[in-house]
Amino acid sequence: MNIAETQQKLAAAFGPAGQEGSVADVIAEMAKPYADELITDRLGSLIAVKKGAGKTKVMFSAHMDSLGLIVTHIDENGFVYFSNLGGLSVWRIYGTAVRFQNGVRGVVFINGKADAKEPKLSDLYIDIGAKDEKSARGKVQVGDVAVFDQPTFTMGDGLLASPYLDDRIACVILLEAMRQIPETENDLYFVFSAQEEVGLRGARTAAYGIAPDVGIAVDVTATGDTPEAKPKMECKLRGGAAVKIMDASVICHPKVVAWLEAAAEREGIPHQREVLERGGTDAGAMQISRSGAYAGAISVPTRYIHNPIELCAVEDVEACVRLVRAACDIRV
């Protein structure tokens, strides 16, 4: 599997939180040859099951959904106002090209009357080129959602730039790990979850149905290797797979952390430790589902998370694939 090409295919699929169906269709087609069963639950999460000898139930979760801009108002001049699906920042999305599911494109701009020092999302609007309100309403409606309309491309020194590396690159990792995994004694559940960006919702319902013994999220994490990065972090690009210790949603179980680190050492997988002060992952939902699960996470160090273009290193993605493969045989 070509990592950049697969990321490009997944990033191009329309899939903001709550509307992940197109992404799920693409993933299901790729996963079909390697899964014993494919299930779509009522929330929209896709679950690929690979049966083993039933020793342990291991759930891996990578979320399919992306951030989105949901239309709240269309004014008399045809300008489109919006609210957020997930964590959007004014300064990150100002001037960004976006697209709606029906193909309508636009650009995000800021109202000239906005406070220059502290603008709000409500000061932003999308210009879709409509001449008036009637024209605009013929193109989009209140409740429609736009996503970033940005390219996926490779850069020098093995870097990959793309919209929605968070978390489509983790979906790529699970797909490639599924392709490579031989028979295992554990029952494996590869969950491509819905609505993570708005509250870890898909992982919560999927974990309730699966009742895993071990739950491992696969997601991106911030880095401390950019100029004056705040807060300071140890994670960096080209440092290998990040083994999460904690984030705002989870304190990973010490047994899972120890097992992942031991496996990485044993297999010669480049790895680093991660402590993320803000943000969460599906591990937080899996850990407290039903009577609980041993929870952990494998993360891809990624620059510029929640920006229209995010950046990671292909070698770190490959390290994450290897660590997910190793974790299929986890014992805790």
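Being a predicted model, the structure only gives us computed values, none of them experimental. (Residues numbered from 1 in each chain as written. Predicted model: local features only at pLDDT ≥ 70, side-chain atom pairs only at ≥ 80, totals over all residues. Heavy atoms only, no water.)

Caption draft 1: Molecular detail of the overall build of the protein chain. On a plain count of helices and strands, the protein chain comes out with nine helices and 17 strands. Its C-alpha atoms give the protein chain a radius of gyration of 20 Å, within 12% of the compact-globule value 20 Å for 332 residues. For the C-alpha atoms alone, the extent of the protein chain along its principal axes is close to 60 × 45 × 35 Å. Taken across its 332 residues, the protein chain has 56% of its residues classed as buried. Once local pairs closer than 6 in sequence are excluded, the contacts in the protein chain between residues at least 24 apart make up 75%. Accessible surface for the protein chain amounts to roughly 14,100 Å². Of this, 48% is attributable to carbon and sulfur atoms. Distance from the positive charge centre (35 side chains) to the negative charge centre (44 side chains) of the protein chain: 1 Å. (Helix = DSSP H or I, 4+ residues; strand = E, 2+ residues; numbered from the N terminus. Rg over C-alpha atoms; globule rule 2.2 N^0.38 Å. Buried < 20%, exposed > 50% of the residue type's maximum accessible area, 1.4 Å probe, protein only. Contact = heavy atoms within 4.5 Å. Areas by Shrake-Rupley, 256 points an atom, 1.4 Å probe, with all protein chains shown as cover. Lys, Arg positive; Asp, Glu negative; His and termini not counted. Charge placed at Lys NZ, Arg CZ, Asp CG, Glu CD.)

Caption draft 2: The arrangement of empty space enclosed by the protein in detail. Applying the stated rule across the entire model yields one cavity of 30 Å³ or more. Forming the walls of the largest cavity are Leu67, Phe148, Tyr164, Asp166, His306, Asn307 and Glu310. Residues belonging to the lining of the largest cavity are distributed by class as follows: three nonpolar, two polar and two charged. (1 Å grid on protein atoms, 1.4 Å probe; cavity = no way out; pocket = protein on both sides within 12 Å on 5 of 7 lines; lining within 4 Å. Points joined across faces, edges and corners; volume = space filled by probe spheres on them. Nonpolar A, V, L, I, M, F, W, Y, C, P; charged D, E, K, R; others polar.)

Caption draft 3: Summary view of the pattern of salt bridges. Under the counting rule described, the total for this entry stands at twelve salt bridges. We note a salt bridge from aspartate 149 to arginine 99, for which the minimum N-O separation is 3.8 Å. Placement of the pair is aspartate 149 in the loop between strand E9 (145-148) and strand E10 (153-155) and arginine 99 in strand E6 (residues 97-100), with a sequence separation of 50 residues. Owing to a relative accessible area of 22%, aspartate 149 belongs among the partly exposed residues under this scheme. The salt bridge involving lysine 244 is made with aspartate 247; its shortest N-O contact spans 3.1 Å. Judged by its relative accessible area of 3%, aspartate 247 is buried. (Salt bridge = Lys/Arg side-chain N within 4 Å of Asp/Glu carboxyl O.)

Caption draft 4: Layout of the environment of alanine 114. Counting through the fold element by element, alanine 114 comes out in the loop between strand E7 (105-110) and strand E8 (124-127). Expressed as a C-alpha distance, the spacing of alanine 114 and proline 231, which sit 117 residues apart in the sequence, is 28 Å.

Caption draft 5: Unusual backbone geometry, seen in detail. Cis geometry marks the peptide bond from aspartate 166 to aspartate 167; its omega dihedral reads 10 degrees. By the element assignment, aspartate 167 lies in helix H5 (residues 165-180). Proline 231 follows lysine 230 through a cis peptide bond whose omega is -10 degrees. Inspection of the secondary structure puts proline 231 in the loop between strand E13 (214-221) and strand E14 (241-246). Backbone geometry at tyrosine 304 places phi at a positive 65 degrees, although glycine is not the residue there. By the element assignment, tyrosine 304 lies in the loop between strand E16 (294-303) and strand E17 (310-313). A relative accessible area of 40% means that tyrosine 304 is categorised as partly exposed.

Caption draft 6: Structural detail: the pairing of strand E11 (residues 159-162). Here E11 shows a buried face lined by Leu159 and Ala161 and a second buried face lined by Leu160 and Ser162. Two elements, E10 and E11, share three bridges in a ladder whose sense is antiparallel. Paired with threonine 154 across the bridge in E11 is leucine 160. Between E10 and E11, which pair antiparallel and follow one another directly, the connecting turn spans three residues, one of which, aspartate 157, has a positive phi of 60 degrees. The pairing of E11 with E17 spans four bridges and is classified as antiparallel. Bridge pairing links leucine 160 to cysteine 312 in E17. (Pairing = 2+ DSSP bridges.)

Caption draft 7: Representation of the nonpolar core within the structure. Counting residues in hydrophobic clusters, the biggest one holds 75 residues, and the most contacted among them are Ile27, Phe60, Ile169, Phe190, Phe192, Leu260 and Leu323. The dominant element in this core, judged by the number of residues it contributes, is H5, at ten residues. Of all hydrophobic cores here, the second largest spans 25 residues; its members include Val98, Phe100, Leu121 and Leu124. (Core = buried A, V, L, I, M, F, W, Y, C linked by side-chain atoms within 4.5 Å.)

Caption draft 8: Molecular detail of the packing of aromatic side chains. All told, the structure shown has four aromatic pairs when counted by the stated rule. On the numbers, 5.3 Å between centres and 10 degrees between planes, the contact of phenylalanine 60 with phenylalanine 190 is stacked. In this pair, phenylalanine 60 sits in strand E3 (residues 57-63) while phenylalanine 190 sits in strand E12 (residues 187-193), placing the two residues 130 residues apart along the sequence. Here the two residues phenylalanine 60 and phenylalanine 190 agree in accessibility, since each one is buried. (Phe/Tyr/Trp six-rings, centres within 6.5 Å; stacked < 30°, edge-to-face > 60°.)

Caption draft 9: Representation of the layout of surface pockets in the model. Put simply, the largest pocket is a space of about 780 Å³. Arg92, Ala222, Leu276, Arg278 and Ile305 are the residues nearest the centre of the largest pocket, which is lined by 31 residues in total. Residue assignment for the lining of the largest pocket shows that the elements contributing at least two residues are E13 and E16. Per-element accounting of the lining of the largest pocket gives the leading share, three residues, to E13. Residues of the lining of the largest pocket, tallied by class, amount to ten nonpolar, eleven polar and ten charged. Of the volumes computed, that of the second largest pocket is approximately 230 Å³. Lining of the second largest pocket is provided by Ile181, Pro182, Thr184, Trp259, Arg266, Glu267, Ile269, Arg322, Arg325, Ala326, Cys328 and Asp329. Residue assignment for the lining of the second largest pocket shows that the elements contributing at least two residues are helix H7 (254-267) and helix H9 (314-327). Considering only residue class, the lining of the second largest pocket consists of six nonpolar, one polar and five charged.

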